[in-house]
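Residues per chain, in single letters:
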Amino acid sequence: MRAILLSGAIALLLSLLGTRLAIRQFTRWGYGQEIRDDGPTSHHTKRGTPTMGGVAIVLSSVLAYFAAKLITGSAPSASALLLLFLYVGMALVGFLDDFIKVYKQRSLGLRSKAKMVGQTVIALVFGIIALLPEIKNDRGLEPASHALSFIRDLGWTLPTVVVLALIWLMVTATSNATNLTDGLDGLLTGSSVMVFGAYTLVNIWQNNQRCGRPSVEIGTCYNVRDPLDLAIVSAAITGACFGFLWWNAAPAKIFMGDTGSLALGSALAGLAILSRTEMLLIVLGGLFVVETLSVMLQVSFFRLTKGRRILRMAPIHHHFEMLGWEQITVVIRFWIITGLCVVTGLGIFYGEWVAGI
């Protein structure tokens, strides 16, 4: 428990100070955000705001995790290292995308195919290693499972190829969903604080009720390989997002860019996979699901009707902007939606355990 508190506190401090340094340095280098021409006109005033702030989030959380492990004298687990690999790997894909944008002074970075290739490679390497029988622990558990899960494994063993396809789908879909959500000052950062905070609680509870512990009943225990270490990583990312939010809240002094949005989405997918709560992520991250569906529906309807639209602009947060809502109003109300999703998800998680007693 001490490591969880340490990782969160250290990440918060590093992010708070590191983001301030990033703002100063990126401004000096001219790493300003390019704004897409077809976006809301109110966003054109944001052109030139430093971007790639996700670097501060990722570095702060990774350093905080290892600092907490060093202070408490415990070794990193296979699950945590895998999660960090996914997190940092996807951040590198996003960083390359952001760097191309600022270097070539355009709103589009990596081509969509190149970005998908990068996401696919990182996701599949993560999935293959997570399923290796060679890294089972003393209870015979691999980091990932061959079964689909909601709050725990549902019991249907799937072929490795199918599991890898599901891991790829989860990682790419969630990282793209958070990328779509990152369109208003503080929207993704504040929402991520709540969802990662929820996963910290989920992992703490799984650790306290893990199978093999004395006085824990077999029917209600959780077969998760390293829940405590997953909680430490999740707490570190929560703290890093909190620190970044100080500078990213409206009016934003810095944007996280694809570096941060892709990394945060992939980390959420990784947490869901490694904690055996894959479908629970749909509830906890309900806002990200709505944002993605709004784009899918808009594009599909536009093509089917040859030019008609359901929303004034997609993703859906831009639709409310076009209706005349202030940006800060949209952000706060979407935070409320995220909070309701998190409360619902945690209620389902705890309710399932209570019902099983």
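These notes cover the structure that comes with them. From a predicted model like this one, the values you see are computed outputs, not experimental measurements. (Residues numbered from 1 in each chain as written. Predicted model: local features only at pLDDT ≥ 70, side-chain atom pairs only at ≥ 80, totals over all residues. Heavy atoms only, no water.)

### Some remarks on the pattern of salt bridges
This is how the line gets drawn: One side-chain nitrogen of Lys or Arg within 4 Å of one carboxyl oxygen of Asp or Glu is enough to make a salt bridge. Secondary structure elements follow DSSP: runs of H or I of four or more residues count as helices, runs of E of two or more count as strands, with numbering from the N terminus. Under the scheme applied here, a residue whose accessible area is under 20% of the maximum for its type counts as buried, over 50% as exposed, and between as partly exposed, the area being computed with a 1.4 Å probe on protein chains only.
Scanning the entire structure with this criterion turns up eight salt bridges. With a shortest N-O distance of 3.7 Å, D258 and K101 are connected by a salt bridge. Of this pair, D258 sits in helix α8 (residues 257–274) while K101 is found in helix α3 (residues 78–104), placing the two residues 157 residues apart along the sequence. Overall, D258 belongs to the buried group, its relative accessible area being 7%. Among the salt bridges present, the one from D258 reaches K115, with a minimum N-O distance of 2.9 Å. Taken as a pair, D258 in helix α8 and K115 in helix α4 (residues 112–130) lie far apart in primary sequence, 143 residues in all. Across the pair, exposure class does not vary: D258 and K115 are buried alike.

### Quick look at the environment of A198
How we decide: Contacts are assigned to residue pairs with any non-hydrogen atoms lying within 4.5 Å of each other.
Inspection of the secondary structure puts A198 in helix α6 (residues 187–208). Each C-alpha atom of the pair A198 and G339 lies 9.8 Å from the other, and the pair is 141 residues apart in sequence. Filtering out sequence-adjacent residues up to four positions away, A198 remains in contact with L284, V342 and L346.

### As for the environment of A263
Examined against the element boundaries, A263 turns out to sit in helix α8. On the basis of relative accessibility, which here comes to 0%, the residue A263 falls in the buried class. In this structure, the C-alpha to C-alpha distance between A263 and S74, residues 189 residues apart in sequence, is 25 Å.

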